[in-house]
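Spelled out from the first residue to the last, the chains are:
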Amino acid sequence: MSLAFALAWLLPLAAGVALWLALVPRRGPGWRSAALGHGMVFGMLLAAACTSAFARADTAHAWLRAAPALAVLALLAALVAWRRSRSSAPLQLHKVENANRWIRVLLAVGLASLAFRGWLMLREIWLRPTFPWDAWDAWAVKSKTWFLLGHYAPFVSMPDWLAHPAQELYTGVAWAYPATLAWMQIWFASAAGGWIEPQVNLPWFALWIGLLLGHYGQWRVLGLDRVRALAAMYALGSLPLLDVHVALAGYADLWLAAMLGFAVLAWLRWRRERDHGQLAIAIVCVALLPAIKLEGAIWLLLCAAVAIYDVLPRRWRRLTLSSAIVVLLVLAFVSRIDLPVPGLGWVEITHGRIVVPALGDYAMHFNADALSSLLNSLFVQPNWHLLWWLAPGIALWHWRALRDDAALRHLAAFVLLGFAFLIFLFTCTDASRWAESYTAVNRLILQLVPATITALALICRDRAPRSAASPAPA
């Protein structure tokens, strides 16, 4: 491994950690894990942004062209972090350790198995090229084309490509999808000195580590003791389908899941501590969702709706819900609706069809076979261990925690609304074919998994730990 490739990893990590510490200077339980986990993920996305901004004319040397801007950003963020840390009081939580020795031993065995699983995934990435499926024929097409070409060239639809044979245009099945992850792959390919797919795909393993560390650190500050936080980290990191998306690197769904999970955690901390840095992180994470994958626009709208409802005074919430229901009923009788959706454009909805720019037309009709496939994905196939069997029972067992904590109620509502959307998408539109073939149905479910595990972990926390900050409003 060359020095350039090592620096291509260290520089984004330094920039991401410095940016996190500049936004979140207060230190409490798990702050190192939170900074390292978030910094790892944010740093890779910052590298992608710098590559897109400064290396379009010379993708073969993208690392050299984009590194100075990223280094300047890292230094500025580090300076801000240092200055803010001098005037920030640390967060204080009551220490709660309520596990006996056998539980600790069992947890240690689980974490050892998680580390071994990580080693196997790392070997899988390092020893083979990109798996010849969607990651190969959809996601890696842009990055590999631009890198081997030596410069940026537009990707357009097939009709546009055929209509302009004299122009340097390219096309593919995912021509309209965002190129954020493509620019990140170009950063690492240029540092490696060539399109070496195992090295280009290593960011997915780093994403897995960042996802787990970031969630563990934030869970600790949100009131989970060390044992519960480690147990939740094991539950998240050991899910079979999540690990498949690490080993078969190249898909965008795990990145979308990580950013949505980070947004939920930052929103919960902002609600608890009124820390403007956490609010900024939540807003940026949500805003980036459509820039990672087009489906992120749906989660952006859902996050915005739940967040707006949360900040409304109690007397306005019932009126808002009633008004929303009335509007939906009125729209149900309108023959055609055009709705602007960030990241997707104007979505056309009629009684029998939904037209989404760049994604296609979806006829609406109920498909019972698709519902059966969806249930099989959740409860029969070995994709999720026992997660979806246990989740309803955990929520019912700790119903008082949901009743007494408005933040958890709203998070649970977000998760339920997300699943309601997926059920509608896969059973009432042409997307049912993705459920029947067991392809996209699991990938879209994956996007909600970190937020779901956060909700389950927090309703199981001890009620005693509280932050030194003022309690969140109801």
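Rules used in this analysis
- Residues numbered from 1 in each chain as written.
- Predicted model: local features only at pLDDT ≥ 70, side-chain atom pairs only at ≥ 80, totals over all residues.
- Heavy atoms only, no water.
- Phe/Tyr/Trp six-rings, centres within 6.5 Å; stacked < 30°, edge-to-face > 60°.
- Helix = DSSP H or I, 4+ residues; strand = E, 2+ residues; numbered from the N terminus.
- Buried < 20%, exposed > 50% of the residue type's maximum accessible area, 1.4 Å probe, protein only.
- Expected span 1.5 Å × (residues − 1).
- Pairing = 2+ DSSP bridges.
- Axes fitted to C-alpha atoms, helices over the stretch in contact; angles between N-to-C directions.
- Patch = residues over 30% accessible without salt bridge, like charges linked within 9 Å, V, L, I, M, F, W, Y side chains within 5 Å.
- Areas by Shrake-Rupley, 256 points an atom, 1.4 Å probe, with all protein chains shown as cover.
- Salt bridge = Lys/Arg side-chain N within 4 Å of Asp/Glu carboxyl O.
- Core = buried A, V, L, I, M, F, W, Y, C linked by side-chain atoms within 4.5 Å.
- Contact = heavy atoms within 4.5 Å.

(A) Representation of the packing of aromatic side chains. Across all of its chains, the model carries 19 aromatic pairs by this definition. Measuring from ring centre to ring centre gives 6.3 Å for F5 and F188, while their planes differ by 70 degrees; the resulting arrangement is edge-to-face. Here the residue F5 occupies a position in helix 1 (residues 3–23), and F188 occupies one in helix 7 (residues 180–192), the gap between them amounting to 183 residues. Grouping residues by exposure puts F5 and F188 together as buried.

(B) A look at helix 2 (residues 31–54). Along its 24 residues, helix 2 runs 33 Å from first to last C-alpha, staying within 8% of the 34 Å computed at 1.5 Å per residue. Within helix 2, 18 of the 24 residues are buried, which leaves it mostly tucked inside the rest of the structure.

(C) Just the sheet that holds strand 4 (residues 360–363), in detail. Here we have 4 strands laid out as an open sheet, ordered 1-2-3-4, and antiparallel in their pairing. The open sheet terminates on both sides in strands that have one partner only, identified here as strand 1 (336–341) and strand 4. Each neighbouring strand pair of the sheet contributes to a mean axis angle of 15 degrees, computed without reference to strand direction. Pairing between strand 3 (residues 353–356) and strand 4: 4 bridges, direction antiparallel. Bridge pairing in strand 4 places R353 opposite A363.

(D) Spatial organisation of a nonpolar patch on the surface. Taken together, F366, L371, L375, F379, V380, L386, W389, L390 and I423 make up a surface patch of nonpolar side chains, about 880 Å² in accessible area. Topologically, L375 is positioned in helix 16 (residues 368–379).

(E) Seen up close, the nonpolar core. Counting 147 residues, the largest nonpolar core has W187, W219, W255, W384, F414 and I445 as its most contacted members. Sort the elements by how many residues they give to this core and helix 12 (residues 253–273) lands first, with 14 residues. In this view, W187 contacts A8, L11, P12, A47, T51, W63, A66, A67 and L70; residues no more than four positions away in its chain are not counted.

(F) Structural view of helix 4 (residues 101–126). Taking 1.5 Å as the rise per residue, helix 4 with 26 residues should run 38 Å; its terminal C-alpha atoms sit 37 Å apart, in good agreement. Taken together, the buried positions of helix 4 are L107, G110, L114, G118, M121 and I125. Where helix 4 is buried, its residues touch helix 8 (197–200), helix 9 (203–221), helix 10 (226–237) and helix 11 (240–247).

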